[in-house]
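# Report on the structure
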Amino acid sequence: MVAEGSVVTTAADVGIVLVSALCILCSYRVVKGPTVPDRVVALDAIATNVVALAVLFALKTDRGLFVTVSLVLAIIGFLSTITVAKFVTEGDIIERREEQQ
């Protein structure tokens, strides 16, 4: 009979390999384009895959610290995607108002 821990470890190993392959495929889209929005979506997918890798690694090693790391990575990935999308659409990230006197 197979122990439950080894099944989780094996599933995490398979998941890590698959998500790593997806990161490589997304990096191809980041390099080749063809448009800037395609590159932004690919970078967002890579950020999501890195979060998935951190969670899978947390499952494999049985350490909760990597879940916290994945949450921080998810927040950073979300904010960076919003920032790049605003820059692509508006050409400016922070709008500065000129004071009128």
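Provided above is the structure to which this section pertains.
The rules we used
- Residues numbered from 1 in each chain as written.
- Predicted model: local features only at pLDDT ≥ 70, side-chain atom pairs only at ≥ 80, totals over all residues.
- Heavy atoms only, no water.
- Patch = residues over 30% accessible without salt bridge, like charges linked within 9 Å, V, L, I, M, F, W, Y side chains within 5 Å.
- Areas by Shrake-Rupley, 256 points an atom, 1.4 Å probe, with all protein chains shown as cover.
- Salt bridge = Lys/Arg side-chain N within 4 Å of Asp/Glu carboxyl O.
- Helix = DSSP H or I, 4+ residues; strand = E, 2+ residues; numbered from the N terminus.
- Buried < 20%, exposed > 50% of the residue type's maximum accessible area, 1.4 Å probe, protein only.
- Expected span 1.5 Å × (residues − 1).
- Contact = heavy atoms within 4.5 Å.
- Axes fitted to C-alpha atoms, helices over the stretch in contact; angles between N-to-C directions.
- Parallel < 35°, antiparallel > 145°, perpendicular 65-115°, else oblique.
- Nonpolar A, V, L, I, M, F, W, Y, C, P; charged D, E, K, R; others polar.

## Comments concerning a nonpolar patch on the surface
Where nonpolar side chains cluster on the molecular surface, the patch consists of Val36, Val84, Phe87, Val88, Ile93 and Ile94 and spans about 500 Å² of accessible area. At three residues, helix α3 (residues 65–90) tops the list of elements feeding residues into the nonpolar patch. Looking at where Val84 falls in the secondary structure, it is placed in helix α3. Assessed through its relative accessible area of 35%, Val84 is described here as partly exposed.

## Remarks on helix α2 (residues 36–61)
With 26 residues, α2 extends 37 Å between its outermost C-alpha atoms, agreeing within 8% with the 38 Å of an ideal straight helix rising 1.5 Å per residue. All buried positions along α2 are accounted for by Val40, Ala42, Asn49, Val51, Ala54, Leu56 and Ala58. Asp62, located one to two residues past α2, shows a positive phi value of around 60°.

## Points about the environment of Asp38
One can find Asp38 in helix α2. Owing to a relative accessible area of 31%, Asp38 belongs among the partly exposed residues under this scheme. Separated by twelve residues in the primary sequence, Asp38 and Cys26 have C-alpha atoms spaced 10.0 Å apart. Every residue in contact with Asp38, bar those within four places of it in the chain, is listed here: Arg29 and Gly33.

## Topic: unusual backbone geometry
Peptide bonds are trans in most cases, and residues, glycine excluded, mostly fall at negative phi. Cis peptide bonds are those with omega within 30 degrees of zero, and the linkage from Gly33 to Pro34 qualifies with 10°. Looking at where Pro34 falls in the secondary structure, it is placed in the loop between α1 (4–32) and α2. Positive phi is not limited to glycine here, since Asp62 has a value of about 60°. Locating Asp62 in the fold gives a position in the loop between α2 and α3. On the accessibility criterion, Asp62 (71% relative accessible area) is exposed.

## Concerning the packing of α2 against α3
It is the contact of α2 with α3, at a shortest axis distance of 9 Å, that shows an interaxial angle of 175°. In terms of their interaxial angle, α2 and α3 are classed as roughly antiparallel. For the pair formed by α2 and α3, the contact residues are Val36, Val40, Asp44, Ala47, Val50, Val51, Ala54, Val55, Phe57, Ala58 and Thr61 on the first element and Phe66, Val67, Ser70, Leu73, Ala74, Gly77, Thr81, Val84 and Val88 on the second. Of the residues contributing to the contact of α2 with α3, the split by class is 15 nonpolar, four polar and one charged.

## Digging into α3
Counted at 1.5 Å a residue, the expected span for α3 with its 26 residues is 38 Å, and the 38 Å between its end C-alpha atoms agrees. Within the span of α3, buried status applies to Ser70, Gly77 and Thr81. On the buried face of α3, the contacting elements are α2. Positioned one or two residues after α3, Gly91 has a phi angle of 80°, which is positive.

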